[in-house]
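Coordinate inspection notes
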Amino acid sequence: MTPVEIRDVYVRLETDLLVVGDSIVTDRHHASNGNYEDDDPQNQIGGIIPAFPLSGWLRHGMERVVQEYGRTACHPGEANANFRMADVYDRDLESGYHEKGACVDDSNGDDGCVILDLFGGFHNRPGKVMRRPIRFTPVRNSVDYTRGQAEGHYRRLNRNVVSRNPEDGRDPLRNTELDAVANFDGAWHLSFRERKPEFVGLLIEAVDFLDTHRTEFMHQLGGARNFGAGIVDCDLINPLYEERELKRVFDRAKGSTNAMDEKDEQWIETYRPVFIEALEDRIAEGS
Ligand SMILES: [Zn+2]
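All values reported here derive from a predicted model rather than from experimental measurement. (Residues numbered from 1 in each chain as written. Predicted model: local features only at pLDDT ≥ 70, side-chain atom pairs only at ≥ 80, totals over all residues. Heavy atoms only, no water.)

Moving on: the coordination of the zinc ion. The coordination sphere of the zinc ion, as far as protein atoms go, consists of Cys74 (SG), His98 (NE2), Cys103 (SG) and Cys113 (SG), spread over 2.1 to 2.3 Å. Considering all 4 donor atoms around the zinc ion, angles at the metal cover 105 to 114 degrees and the coordination shape is tetrahedral. Considered as a linear motif, the donors of the zinc ion on their single chain read C-x23-H-x4-C-x9-C. In this pair, Cys103 sits in the loop between β5 (97-98) and α4 (114-119) while Cys113 sits in the loop between β5 and α4, placing the two residues 10 residues apart along the sequence. The pair Cys103 / Cys113 is uniform in exposure class, with both members buried. (Donors = N, O, S within 2.8 Å, 3.2 Å for Na, K, Ca; no water. Tetrahedral: all angles 85-135°; square planar, octahedral: opposite > 155°, others 65-115°. Helix = DSSP H or I, 4+ residues; strand = E, 2+ residues; numbered from the N terminus. Buried < 20%, exposed > 50% of the residue type's maximum accessible area, 1.4 Å probe, protein only.)

Let us now look at helix α2 (residues 51-68). Owing to its 3.6 residues per turn, the α-helix brings residues three or four apart onto one side. Counted at 1.5 Å a residue, the expected span for α2 with its 18 residues is 26 Å, and the 26 Å between its end C-alpha atoms agrees. Most of α2 sits out of view: 13 of its 18 residues are buried. A positive backbone phi angle near 85 degrees is found at Gly70, which sits one or two residues after α2. (Expected span 1.5 Å × (residues − 1).)

Here the focus is the pairing of strand β1 (residues 8-19). Sheet topology note: the β1/strand β9 (residues 172-192) ladder contains 11 bridges and is antiparallel. Opposite Thr15, over in β9, you have Phe184 as the bridge partner. Here β1 runs beside strand β10 (residues 233-236); their pairing, made up of 4 bridges, is antiparallel. Looking across to β10, one finds that Leu13 is bridged to Cys234. (Pairing = 2+ DSSP bridges.)

Next up on the list: helix α7 (residues 258-284). Between the first and last C-alpha of α7 there are 38 Å, a value that for 27 residues agrees with the 39 Å anticipated at 1.5 Å per step. Along α7, the largest kink reaches about 45 degrees and is centred on Trp267. Those residues of α7 that sit buried are Met260, Lys263, Trp267, Tyr271, Phe275, Ile276, Ala278, Leu279, Arg282 and Ile283. Of the surrounding elements, those touching the buried residues of α7 are α2, α4, α5 (197-212), β10 and α6 (243-249). Trailing α7 by a residue or two, Gly286 shows a phi angle of about 100 degrees, which is positive. (Bend = angle between axes of the 7 residues up to and from the residue. Contact = heavy atoms within 4.5 Å.)

Residues of the protein chain with pLDDT of at least 70 account for 85%, and the chain-wide mean is 86. For the protein chain, helix α1 (residues 28-32) is the element with the lowest average pLDDT, namely 54, and β10 is the one with the highest, namely 98. (pLDDT = per-residue confidence, 0-100.)

Take the nonpolar core next. In summary, soluble globular proteins display a tendency toward joint burial of nonpolar side chains. Ranked by size, the top nonpolar core spans 55 residues in total, and within it Leu13 and Ile115 carry the most contacts. Here this core takes 9 residues from α5, the largest share from any one element. With sequence-adjacent residues up to four places away left out, Leu13 is seen in contact with Leu54, Trp57, Ile134, Phe184, Asp185, Gly186, Trp188, Val232, Asp233 and Cys234. (Core = buried A, V, L, I, M, F, W, Y, C linked by side-chain atoms within 4.5 Å.)

Next up on the list: the environment of Asn141. Assignment of secondary structure puts Asn141 in the loop between β7 (134-137) and β8 (149-162). The class for Asn141 is exposed, based on a relative accessible area of 74%. Residues Asn141 and Glu151 lie 10 residues apart in sequence; the distance between their C-alpha atoms is 8.9 Å.

Let's shift gears to the packing of α5 against α7. Two numbers describe how α5 lies on α7: the axes approach to 7 Å, and their chain directions differ by 105 degrees. In terms of their interaxial angle, α5 and α7 are classed as roughly perpendicular. Counted together, Pro197, Glu198, Phe199, Val200, Gly201, Leu202, Ile204, Glu205 and Asp208 of α5 and Trp267, Arg272, Phe275, Ile276, Ala278, Leu279 and Arg282 of α7 form the full contact between these two elements. (Axes fitted to C-alpha atoms, helices over the stretch in contact; angles between N-to-C directions. Parallel < 35°, antiparallel > 145°, perpendicular 65-115°, else oblique.)

Turning to the packing of aromatic side chains, a few remarks are in order. Here the structure, examined in full by the defined rule, presents 4 aromatic pairs. Between Tyr145 and Phe250 the ring centres are 3.9 Å apart and the planes differ by 5 degrees, which places this aromatic pair in the stacked class. Of this pair, Tyr145 sits in the loop between β7 and β8 while Phe250 sits in the loop between α6 and α7, and the two are 105 residues apart along the sequence. For the residue pair Tyr145 and Phe250, the accessibility class agrees, reading buried in each case. Their ring planes at 10 degrees and their centres at 6.3 Å tell us that Trp267 and Tyr271 sit as a pair that is stacked. Of this pair, Trp267 and Tyr271 are both found in helix α7, 4 residues apart, which corresponds to roughly one turn of the helix. Relative accessible area serves as the criterion here: at 14%, Tyr271 is assigned to the buried category. Chaining the aromatic ring pairs together yields one cluster made of Trp267, Tyr271 and Phe275. The residue whose ring lies beneath Arg225 is Phe217, and the NZ or CZ to ring-centre distance is 4.3 Å. (Phe/Tyr/Trp six-rings, centres within 6.5 Å; stacked < 30°, edge-to-face > 60°. Lys NZ or Arg CZ within 6 Å of the ring centre and 35° of its normal.)

Within the secondary structure, His98 sits in strand β5. When its relative accessible area of 15% is taken as the criterion, His98 is described as buried. Apart from residues no more than four positions distant in its own chain, His98 is found in contact with Thr72, Ala73, Cys74, His75, Leu93, Cys103 and Cys113.

Shown next, in the form of structure tokens:
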């Protein structure tokens, strides 16, 4: 196996609490039958986490890796977009970003910088890494990790906002509800549409970066980050693993096999450095 043959990778994501606003898609209507109480702990239902927040989180990690190499990253927003605060865009350009697409020399064919290459942009050009949504379910033995699924519980969090006036006796002024997923553990499936070793190199370094910086506000995932949601332990699952080995990673009753340990050693000593070197080469080329 040569490094360029890696097409599908899985990133393990573990978090106690994830809030992605109103964009969690749940299948609660199947269980409700008209009697659904969304704060009843007996209602253990699954759903889907869309790819948008996951993609933004990963992209930000990748941008930071590029910046740590002393390069600028592609800005995620169009330069000609009608930003409410134009000075924010300009400020970003002074602190580690170049204008989106400024890295493309000619409009036909050039790939631009590695971030633009991966995430796509102009003229409906698709990004070369496909980011999938993650389906989650509370029923562990129905989770198919090889299809990029996760174990997790949907929860609706209710908060009462109360009056601070003593004469109101803490009467609730209003009630707010948050969609959340608790006890989340699963595999995020990413596929490279085009296989370039530097893509894998950047993914390796970004996942390491995001794991190390997981408690930093800027690198938490989703919403309610001030309240500790979105602190994600993440880890690139060894791409050398076969399907049954990938499943074993999530099996609390079983440890890794000798074969898996050998593959881990191979990955770290033989494969990983090749991908990192490819990334360094591409960044040294100036893109
Ligand atoms: Zn760029």
